[in-house]
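Residues per chain are reported as follows:
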Amino acid sequence: MDFSYLIQDIISGILMGSIYGLIALGLTLVFGVLKVINFAHGSFLMVGMYAAYWAVSITGLHPYVALVIVVPVMFFFGYYLQNFLIKPIFVAEKDVREPTTVIIVTTGIWYILDNITLLFFGPDYRALTPNPLKGKMMEFGDIFISIPKFYGFLIAIGTALLLYLFLQKTRTGRAIRATSLDRDAASLMGINQWKIFNVAFGIGTAVAGISGVVLTTFYNVYPTVGVPFDVKSFVIVVLGGLGSIPGAIIGGVIIGLIESIGPTFMTSTWTEAIVYVLFLLVLFVKPSGLFGQKYDW
Amino acid sequence: MTEKFIKKCCLAACVLFAFGMPLVVHSPTYLHISIMLLLFAYMTTSWNLVGGFAGVLPLGHSVFVGIGAYTSTILWLQYSISPWIGMLVGGVLSGIVGFLIGKPTLKMRGAYFALSTMAFVEGVRVVVENLPYLGPFKLNGPRGLNIPPIEAGHNDFFAFQFAGKEPYYYIILTMLVAVLALTWYVSRSKLGYSLIAGGEEPEAAEALGVNVAKCKVWAMVMSAFLTSLAGTFMAQLTLFIYPKSVLTLDLSFELAFIALIGGRGSIAGPVIGALLLRPVSEFSRIYLSDSLPGMHLILYGVILIVVMLLQPSGLTDPLTKKFNAIVKFIAKKTNKKKDFNDEYA
């Protein structure tokens, strides 16, 4: 077997995997703070992709400049969605340890968002135009690196670092961490728990928006685009440990590597099965995931 | 009239209505919708044994539907074994799978459990889609299995194939009544009490000597067995199964939705949930899907959110309260008359 093929697979696996990690980042943050699996996360990604698509199509800006529009829009979208649809359930089920009803509400949001998009924009696959990054490659001898994916990798790492710094250094970040550790104690210390939930949900949605911008540069946009990424992010966050930021990125890279190296040895559909088998194995051996804390709530 | 008597009358009326409905309604469309309603009520009641009483959120029950459908169909197509026997074989197989998957996963906390059951369905679906054969058994990959009709217009009990919709209606109705009775029995048994205690306060229940993990696993096995029977029924009703029809997350999700809308952990919850949600999805699919694609799912999502926002514990509680108030009112009215008569007799 040619060695450069393997290197090529590893590189594209890491690049794509880091983008998976970026998508999972928002999910893991929301879980870490609210202790709720956000089933609508894939739909937020889809909304982010459509926002990027329309922002670029209408203004003709460079795709990455669209971040300036998409990120704040998505942040407030998530902020108010949490405030008006999810918070009431938390209030109503205050004494319930794991409000599974919230899962149902986020699933409802997922159905509504995906199908409203279908209703308004139809089932067509759309590609970003104008897209200055389309199909661009870097060449190193036999190895090709897709430029949009490489930038995506940089953005993913940058976002994870920024988020990490935000959580460690700023006052709001520390409040978010305190709430995720013990929301009652945090409330007693004068932290407005509901506001922190809103902010955390907003950031999670904004990160989904960033991944949406990154994805539109090399991926088609259509109403159900979020679903496969949704399931993949669940696998990633559990693999890496729910609530862990490095866990999300590394879990994403692991999945990316399996997906890019796997097809060399077997048909590509089987690699999907391997991902689920690995996921179940990790759960059975170490239920808290690779980087998760044992008792996180 | 005492309140108990009125309640018994209402129950009898419901049963009479359910059994008498096909004698009046002959339209295949409406019968089909009723069959689907009963089928989902049946599956959700089975789901409720573990999802409702044990307080966990399993999102992988379509695996058991798939096992039931595939087992009976393979046995019928390849070995000419009656689906009635295949139904039981599939049920036992599902029970074993339920035990194997429940044993490690039921120890996990809520979100992990929900996600691992989800991954299990997806994993099984991918495997079935990629396998033309599993050992000597033909799975036929993504194309699925087709059950050839016996003979048009004939009823064949042995082959589980009937000309009209009515036999299917009565079979699923009997299954539903049986599973409701079983749920009622379980809810009053030691297992039921242990499950509810373990679902609400696992530490306290453990401290009182309840083996919570063991109870949950047994509930899972029972639930898997019963859900699997519905798989065989589904296969015989549609005569065509493929991975995306029986092994999907959509089906698993729908069971959870119905249970949560109705009220998890209550006996009537799944039936009430199915009564509310199934007609919505059936009718909106029939009337709206052509003109407004996706509209039925938007409607579905809106109903889910609205009900969860207004009544997070499901609709059974407020409905039973209303029902009890009405019963009390009627009892009071009728009794007053009696008092009056007594006085002037």
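Residues take numbers from 1 onward in each chain, read along the sequence in its written order. Here chains are named by letter from A upward and ligands by number from 1 upward, in the order in which they appear as written. Confidence filtering applies because this is a predicted model: local features only for residues at pLDDT of at least 70, side-chain atom pairs given and counted only at 80 or more, and all residues used for totals across whole chains, interfaces and linings. Only hydrogens and water are set aside; all other atoms, that is, all heavy atoms of the structure, feed into the side-chain values.

**Thoughts on unusual backbone geometry**
The criterion, for reference: Per the convention used, a helix needs a DSSP run of H or I reaching at least four residues, while a strand needs a run of E reaching at least two, with both numbered from the N terminus.
The phi angle at A:Lys35 is positive, at roughly 60°, despite the residue not being glycine. Turning to its location among the elements, A:Lys35 is positioned in the loop between α1 (3–34) and α2 (41–59). Located in the positive-phi region is B:Asn140, a residue other than glycine, with phi close to 70°. Tracing the chain through its elements places B:Asn140 in the loop between β2 (137–138) and β3 (145–146).

**Notes on the interface of chain A and chain B**
Put simply, the rule is: Residue contacts are counted whenever heavy atoms from the two residues lie within 4.5 Å of one another. Reported buried area values correspond to the accessible surface (1.4 Å probe) lost by two parts on association, with both partners' losses combined. Criterion for a salt bridge: a side-chain nitrogen of Lys or Arg within 4 Å of a carboxyl oxygen of Asp or Glu. N or O atoms closer than or at 3.5 Å make up a polar contact, with two conditions inside protein: a donor-capable atom paired with an acceptor-capable one, and, for residues adjacent in sequence, both atoms drawn from side chains.
Taken together, the contact pairs 44 residues of chain A with 43 residues of chain B. Taken over both partners, the interface formed by chain A and chain B buries close to 3700 Å², and the fraction arising from carbon and sulfur atoms is 79%. Across the contact surface, chain A and chain B share 0 salt bridges. Counting every contact that joins chain A to chain B gives 0 residue pairs in polar contact (both at pLDDT 80 or more). At the level of elements, α3 (67–92), α4 (101–121), α9 (226–240) and α11 (268–285) of chain A are the ones that each hand at least two residues to the side of chain A that touches chain B.

**Some words on a positive patch on the surface**
All names here are of chain A. Condition: Note on patches: the residues involved have over 30% relative accessible area and no salt bridge, like charges join within 9 Å, and the nonpolar side chains Val, Leu, Ile, Met, Phe, Trp and Tyr join within 5 Å. Residue-level accessible areas treat just the shown protein chains as cover; the underlying method is Shrake-Rupley with a 1.4 Å probe. Only four residue types enter the tally: Lys and Arg on the positive side, Asp and Glu on the negative side, with His and both chain ends excluded. Charge positions come from single atoms, namely NZ of Lys, CZ of Arg, CG of Asp or CD of Glu. Residue burial is assigned from relative accessible area. The probe radius is 1.4 Å, only protein chains are included, and a residue is buried under 20% of its type maximum, exposed over 50%, and partly exposed in between.
Residues Lys169, Arg171, Arg174 and Arg177 make up a contiguous surface patch of positive charge. A per-element tally of the positive patch places helix α6 (residues 171–181) first, with 3 residues. Along the chain, Arg177 falls in helix α6. When its relative accessible area of 31% is taken as the criterion, Arg177 is described as partly exposed.

**Examining helix α7 (residues 190–200) of chain B**
Residue and element names in this part refer to chain B. In plain terms, the rule: Starting at the helix axis, one direction is taken to each C-beta atom, and the arc is that of these directions.
Those residues of α7 lying buried are Gly192, Ser194, Leu195 and Gly198. Mapping the buried residues of α7 onto a view down its axis gives an arc of 165°, with all of them on the same face. In this structure, α7 carries Lys190, Tyr193 and Glu200 as exposed residues pointing more than 90 degrees from its buried face. Tucked into the core, α7 has its buried residues touching α2 (28–51), α6 (166–187), α8 (202–207) and α9 (212–238).

**A word on the side chain of B:Thr44**
Here B:Thr44 shows up in helix α2. A polar contact is formed between the side chain of B:Thr44 and the backbone oxygen of B:Phe40, at a distance of 2.6 Å.

**Topic: the pattern of salt bridges**
Residue and element names in this part refer to chain B. Evaluated as defined, the whole model comprises 6 salt bridges over all chains. For Lys244, the salt bridge is made with Glu129, and the minimal N-O distance between the two is 3.5 Å. With a gap of 115 residues between them, Lys244 in helix α10 (residues 243–246) and Glu129 in helix α5 (residues 110–130) connect regions that are remote in the sequence. When the shortest N-O distance is used, the salt bridge between Arg278 and Glu282 registers 2.6 Å. Placement of both Arg278 and Glu282 in helix α12 (residues 269–288) is noted, with a separation of 4 residues, approximately one turn of the helix. Residue classification places Glu282 among the buried residues on the basis of a relative accessible area of 12%.

**Some details on the pairing of strand β2 (residues 143–146) of chain A**
Residue and element names in this part refer to chain A. How we decide: A pair of strands counts as paired when DSSP detects no fewer than two bridges linking them.
In this sheet, β2 lies alongside strand β1 (residues 137–140) in antiparallel orientation, the contact comprising 4 bridges. Considered in β2, the bridge of Met137 is made with Ser146. Count of turn residues in the β1/β2 antiparallel hairpin: 2 residues, of which Gly141 carries a positive phi of about 60°.

**Structural notes on the packing of α1(A) against helix α8 (residues 193–216) of chain A**
All names here are of chain A. Convention followed: Only the stretch in contact is used when a helix axis is fitted, and all axes are lines through C-alpha atoms; the angle between N-to-C directions ranges over 0 to 180 degrees. Any angle that is under 35 degrees is reported as roughly parallel, and any over 145 degrees as roughly antiparallel; angles of 65 to 115 degrees are reported as roughly perpendicular and all others as oblique. All amino acids are sorted into three groups, where Ala, Val, Leu, Ile, Met, Phe, Trp, Tyr, Cys and Pro are nonpolar, Asp, Glu, Lys and Arg are charged, and the leftover types, Gly among them, are polar.
In the contact formed by α1 and α8, the axes pass within 8 Å of each other and the chain directions differ by 170°. The orientation of α1 relative to α8 falls into the category roughly antiparallel. Contacts from Met16, Ile19, Leu22, Ile23, Leu25, Gly26, Leu29, Val30, Val33 and Leu34 in α1 reach Ile196, Phe197, Ala200, Phe201, Ile203, Gly204, Val207, Ile210, Ser211, Val214 and Leu215 in α8. Across the contact of α1 with α8, the residue classes tally to 18 nonpolar, 3 polar and no charged.

**A word on the confidence of the model for chain B**
Residues and elements named next belong to chain B. Rules: One confidence number per residue, pLDDT, is output by the predictor and ranges from 0 to 100.
Averaged over all residues, the pLDDT of chain B is 86; the fraction at 70 or higher stands at 96%. The least confident element of chain B, judged by mean pLDDT, is α8 at 77; the most confident is helix α3 (residues 62–79) at 93. Predicted as a complex, the structure gets a pTM of 0.87 and an ipTM equal to 0.82.

**Some details on the state of the cysteines**
Here a disulfide denotes one covalent bond, and it connects the sulfur atoms of two cysteines. All names here are of chain B. What counts, and what does not: Any cysteine sulfur atom paired with another within 2.5 Å is treated as part of a disulfide.
Throughout the structure, instances matching the rule amount to 0 disulfides over all chains. Between Cys9, a cysteine without a disulfide, and Cys10, which holds the nearest cysteine sulfur, the sulfur-to-sulfur distance is 7.0 Å. Counting only cysteine sulfurs, Cys14 is the nearest neighbor of Cys10, a cysteine outside any disulfide, at a range of 6.9 Å. Take Cys10: its relative accessible area is 28%, and that puts it in the partly exposed class.

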